[in-house]
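The primary structure of each chain is shown beneath.
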Amino acid sequence: MSQEVKIVDAVVIGAGFAGLYAIKRLRDAGFSVQAFEAGDGIGGTWYWNHYPGARVDLECWDYSYSFSSELQDEWEWSQRYPSAQELMAYLEHVADRFKLRQQIQFNTRVEAAEFIEADNLWLVRTSDGKTRKARFLVPATGGLSVPKPPEIPGIETFRGEAYHTGRWPRQEPTYEGKRIGVIGTGSSGVQVVHSLAGKCKHLTVFQRTAVFVVPAKNHPLTPEMRQRARATYAERRSLSRITRFGIPAPMANESALDATPEERRAKFENAWINSQLLGFRQCYGDILANDESNEMVAEFIRSKIREIVKDPETSRKLLPYGFPFGTKRPCLSDTYYSVFNRDDVSLVDLKSTPIVRIVPKGVETSEGLIELDMLIYATGYDAFTGALSHIDVRGVGGRKLSDKWAAGAKTYLGLVAQGFPNLFTVTGPGSPGPLANMAMSIEQHVDWIADCMTYLRANRITRIDADKGAEENWMQHVQDVVSRTLYEKANSWYRGANVPGKPQLFLPYLGGHGNYRKKCEEVAAAGYLGFVLTRETTATGMADKAASRIAAAGLAGGAV
Ligand code: NAP
């Protein structure tokens with residue numbers, strides 16, 4: 001006799017920032033929750049990215065949960081930008097403090113999820129061979145969780161140690177006395193390079209595209225600094241909820257073109273000295289929209305690189321060109337450029353000296369063999385869609401989500417993909433996600449999802465889907481907003497350009513965190529405008545469904 005499959009209200013996938021908060025918030029709203037996590041511990045991104053130097057690039061006061069003032073008050077951040085290890089400790093504390101572990105099954109990967117239309121349930125198959133049923137599926141799988149391999153021939157032949165930054169081993173490797181190569185110079189590569197320089201025999205950096213790196217000005221926090229931050233937390237969080245990037249720093253309005261060269265220089269110097277990730281983008285309102293204004297920042301940073309890096313040839317290779325400043329995520333580091341002044345660090349510019357293949361002893365370039373004991377791939381991620389495409393998700397009519405997204409991901413508001421009812425994508429494609437403070441983006445989405453599920457329960461609505469027109473309008477709006485900026489000029493992971501063969505579509509919403517939050521609130525207040533809600537009326541015991549199509553395709557997804 002077959003065993004009755006238990007039904008839970010929600011299956012949450014992942015136990016990182018998003019998964020943990022989803023468990024808490026849904027449980028507090030009275031829903032039963034089962035979460036699955038592929039790793040053997042919590043932490044998500046911070047669990048997998050344990051590489052040397054891994055550290056968040058937003059200040060701890062912003063990159064942290066805001067839902068509990070007690071949590072804010074009791075957690076003692078040690079540095080302005082916490083390390084992966086500190087963030088893991090924080091998330092473990094959150095899991096223990098709010099007793100979230102009991103809902104999580106570790107070492108378990110969700111392999112498939114199929115929507116059973118007759119019952120409005122998701123049938124979820126996991127790597128332990130079991131199947132569960134859930135009324136709602138909440139993938140909290142993160143936008144950057146599936147590592148992208150470097151497409152270089154011969155990888156499998158390398159006889160030394162090889163690691164991808166996004167799958168760092170739990171047992172920390174040793175570096176002393178080793179010849180180490182790092183391929184990739186995005187945020188991860190930059191952090192690895194400044195951390196390993198001087199800790200190994202020789203470090204070779206393989207750079208395909210030079211990036212803009214601005215000072216982090218990271219520092220330990222004193223009790224007085226923590227006290228000051230705690231005193232202003234409420235104000236800080238309220239302001240963050242309405243700003244473009246979800247941090248308490250509003251954008252300037254004026255154009256860089258209206259300032260004198262002296263005024264600009266003073267502003268840029270100030271941004272360099274008191275840097276934080278968004279410092280330069282906040283100097284003027286048109287840095288990300290006007291080529292000329294953007295080039296002024298770009299050239300200022302190039303002038304700093306020329307000052308710092310002594311060897312003219314190396315300095316020249318490190319100068320970023322070919323994409324506007326800020327359209328690929330700028331990196332933070334206090335020492336990245338200066339490590340190239342060391343004798344035990346060398347730079348290989350892959351534009352002039354490409355890699356031919358990886359061989360057992362190291363990397364063969366067009367100029368010869370570079371022998372290595374360790375190779376670190378800091379080559380990024382299959383962003384936004386990678387995690388869900390790796391799960392066999394099938395919606396209405398058995399359609400695969402990866403097929404729906406084959407020409408580019410589509411959702412309504414980054415929350416629901418039409419044809420995949422009762423599936424909420426936390427910080428999914430079409431939402432601001434990584435273009436704002438991720439911690440704040442996650443909280444906003446999870447709160448919206450929990451409130452939506454509460455509304456559905458109260459109104460005996462068993463199914464929510466996106467309206468097709470609303471989804472199309474929204475994705476068009478996402479593209480319209482980006483077309484008014486310089487972002488499309490970069491081959492970034494924001495538009496899938498880093499993964500060969502991936503459809504190129506700009507996926508995060510650039511309209512700003514504050515505007516987006518307001519839009520989501522309006523949609524909910526209007527009875528979930530742009531969604532198709534189906535109410536179950538079971539007076540006869542039969543599944544008699546009355547579709548309440550409350551979408552107004554012309555309105556839904558309108559500009560914010
Ligand atoms: P990334 O920004 O996509 O950078 C990948 C790097 O690898 C790029 O330099 C890329 O060159 C290079 N690359 C890729 N394939 C290659 C190949 N076949 N041969 C040679 N080079 C290759 O990835 P990431 O550094 O892991 O960062 C991804 C995102 O994660 C960041 O933008 C950020 O949002 C987040 N992150 C944040 C932090 C932080 O908070 N501090 C740290 C790490 C990551 P091209 O540019 O030429 O493609």
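Residues numbered from 1 in each chain as written. Predicted model: local features only at pLDDT ≥ 70, side-chain atom pairs only at ≥ 80, totals over all residues. Heavy atoms only, no water.

Let's talk about the overall build of the protein chain
Consideration 1: A count of helical and extended segments in the protein chain gives 15 helices and 20 strands.
Consideration 2: Its C-alpha atoms give the protein chain a radius of gyration of 24 Å, near enough to 24 Å, the size a compact globule of 560 residues would have.
Consideration 3: C-alpha atoms of the protein chain, sized along the principal axes, occupy 80 × 60 × 50 Å.
Consideration 4: Looking at the protein chain residue by residue over its 560 residues, the buried ones come to 57%.
Consideration 5: Carbon and sulfur atoms make up 50% of the accessible area of the protein chain, which amounts to about 22,600 Å² in all.
Consideration 6: Looking at the protein chain, you have 67 positive and 64 negative side-chain charges, and the mean spots of the two groups are 2 Å apart. (Helix = DSSP H or I, 4+ residues; strand = E, 2+ residues; numbered from the N terminus. Rg over C-alpha atoms; globule rule 2.2 N^0.38 Å. Buried < 20%, exposed > 50% of the residue type's maximum accessible area, 1.4 Å probe, protein only. Areas by Shrake-Rupley, 256 points an atom, 1.4 Å probe, with all protein chains shown as cover. Lys, Arg positive; Asp, Glu negative; His and termini not counted. Charge placed at Lys NZ, Arg CZ, Asp CG, Glu CD.)

Quick word on the nonpolar core
Consideration 1: Ranked by internal contacts, the top residues of the largest apolar core, which has 157 residues, are F17, L203, F280, I301, F340, W448 and F531.
Consideration 2: In terms of residue count, helix α13 (residues 438-458) provides more of this core than any other element does, 9 residues in total.
Consideration 3: Residues from two domains meet in this core; each of domain 1 (7-146 + 383-556) and domain 2 (155-377) gives at least three.
Consideration 4: F17 has contacts with W46, Y63, S64, Y65, L87, Y90, L91, A439 and I442, leaving out every residue within four places of it along the chain.
Consideration 5: Residues F206, L372, L375 and Y377 belong to the second largest nonpolar core, which totals 12 residues. (Core = buried A, V, L, I, M, F, W, Y, C linked by side-chain atoms within 4.5 Å. Domains from an automatic or database assignment. Contact = heavy atoms within 4.5 Å.)

Let's talk about the site of the ligand
Consideration 1: Lining the immediate environment of the ligand, one finds 25 residues, of which R55, S188, T209, K328 and R329 sit closest.
Consideration 2: A distance of 3.0 Å separates an oxygen atom of the ligand from a polar atom in the backbone of D57.
Consideration 3: Within the side chain of R208, an N or O atom sits 2.9 Å from an oxygen atom of the ligand.
Consideration 4: Considering the ligand on its own, with 920 Å² of exposed area, one finds that the protein chains cover 88% of that surface.
Consideration 5: Broken down by element, the shell around the ligand gets its largest block of residues, 3 residues, from helix α5 (residues 187-196).
Consideration 6: For the shell around the ligand, the per-class residue count stands at 9 nonpolar, 9 polar and 7 charged.
Consideration 7: Split by domain, the residues of the shell around the ligand number at least three in each of domain 1 (7-146 + 383-556) and domain 2 (155-377). (Near = heavy atom within 4 Å. Polar contact = N/O pair within 3.5 Å; in protein donor to acceptor, adjacent residues only side chain to side chain. Nonpolar A, V, L, I, M, F, W, Y, C, P; charged D, E, K, R; others polar.)

Side note on helix α1 (residues 17-28)
Consideration 1: Between the first and last C-alpha of α1 there are 17 Å, a value that for 12 residues agrees with the 16 Å anticipated at 1.5 Å per step.
Consideration 2: When you tally the buried positions in α1, you get 10 out of 12 residues, the bulk of the element. (Expected span 1.5 Å × (residues − 1).)

What about the packing of aromatic side chains?
Consideration 1: Throughout the structure, instances matching the rule amount to 42 aromatic pairs.
Consideration 2: Ring centres 5.2 Å apart and planes at 80° place the aromatic pair Y336 and F340 in the edge-to-face group. The exposure classification of Y336 matches that of F340, with both residues buried.
Consideration 3: These aromatic residues form a ring-pair network of at least three members: F17, Y21, W46, Y63, Y65, F67, W75, W77, Y90 and F98.
Consideration 4: The side chain of K328 reaches across the aromatic face of F323, ending 5.3 Å from its centre.
Consideration 5: A cation sits over an aromatic face here: R457 above F31, 4.1 Å from the ring centre. (Phe/Tyr/Trp six-rings, centres within 6.5 Å; stacked < 30°, edge-to-face > 60°. Lys NZ or Arg CZ within 6 Å of the ring centre and 35° of its normal.)

Remarks on the packing of helix α8 (residues 261-273) against helix α9 (residues 291-308)
Consideration 1: Between α8 and α9, whose axes approach to 11 Å, the crossing angle comes to 60°. Of the possible angle classes, the one that applies to α8 and α9 is oblique. For the element pair α8 and α9, the recorded crossing hand is right-handed. Contacts from R264, R265, F268, E269 and W272 of α8 reach α9 at M296, V297, F300, I301, S303, K304 and I308.
Consideration 2: Within the contact of α8 with α9, the residues separate by chemical class into 7 nonpolar, 1 polar and 4 charged. (Axes fitted to C-alpha atoms, helices over the stretch in contact; angles between N-to-C directions. Parallel < 35°, antiparallel > 145°, perpendicular 65-115°, else oblique. Left-handed = near helix turned anticlockwise from the far one by under 90°.)

Points about the domain arrangement of the protein chain
Consideration 1: As assigned here, the protein chain comprises domain 1 (7-146 + 383-556) and domain 2 (155-377).
Consideration 2: Put simply, the middle of domain 1 and the middle of domain 2, counted by C-alpha atoms, are 29 Å apart.
Consideration 3: Each partner contributes to the interface: domain 1 provides 49 residues, whereas domain 2 provides 52 residues.
Consideration 4: Run the count over domain 1 and domain 2 and you get 6 salt bridges. (Salt bridge = Lys/Arg side-chain N within 4 Å of Asp/Glu carboxyl O.)

Let's talk about the side chain of T425
Consideration 1: Among the structural elements, T425 can be located in the loop between α12 (401-404) and α13.
Consideration 2: Ignoring any residue separated from it by four or fewer positions in sequence, one finds T425 in contact with P139, L388, T411, G414, L415, V416 and H445.

Side note on the pattern of salt bridges
Consideration 1: Applying the stated criterion across every chain, the model contains 33 salt bridges.
Consideration 2: We note a salt bridge from K148 to E151, for which the minimum N-O separation is 2.7 Å.
Consideration 3: Here K148 falls in the buried class, since its relative accessible area comes to 5%.
Consideration 4: The class for E151 is partly exposed, based on a relative accessible area of 43%.
Consideration 5: A salt bridge links R302 to E299; its shortest N-O distance comes to 2.8 Å. Of this pair, R302 and E299 both sit in helix α9, 3 residues apart, roughly one helical turn.

Topic: unusual backbone geometry
Consideration 1: The phi dihedral of N107 is positive, around 55°, even though this residue is not glycine.
Consideration 2: Note on placement: N107 falls in the loop between β3 (104-105) and β4 (110-116).

Some points on the sheet that holds strand β6 (residues 131-139)
Consideration 1: Strand order in the open sheet formed by 7 strands is β3-β2-β1-β6-β5-β4-β17, with mixed pairing between adjacent strands. Strand pairing shows two members of the sheet lacking a second neighbour, β3 and β17 (392-394), which therefore form its edges. (Pairing = 2+ DSSP bridges.)

Section: the confidence of the model for the protein chain
Consideration 1: Residues with a pLDDT of 70 or more make up 94% of the protein chain, whose mean pLDDT is 93.
Consideration 2: In the model, residues 539-560 has pLDDT below 50 throughout and makes 55 contacts with residues more than four positions away in sequence or in other chains. (pLDDT = per-residue confidence, 0-100.)

Regarding the sheet that holds strand β9 (residues 202-207)
Consideration 1: In space, the 5 strands of this open sheet follow the order β7-β16-β8-β9-β12, with parallel pairing throughout. Two strands close off the open sheet at either side, each with one partner strand: β7 (161-164) and β12 (345-349). Direction aside, neighbouring strands of the sheet carry axes that sit 15° apart on average.
Consideration 2: Of the strand pairs in this sheet, β9 and β12 are connected by 5 bridges, and their pairing is parallel. Each residue of the ladder has a partner; that of L203, found in β12, is V345.
Consideration 3: Relative to the sheet, α5 contacts β8 (179-183), β9 and β16 (374-377), its axis offset from that of β8 by approximately 160°.

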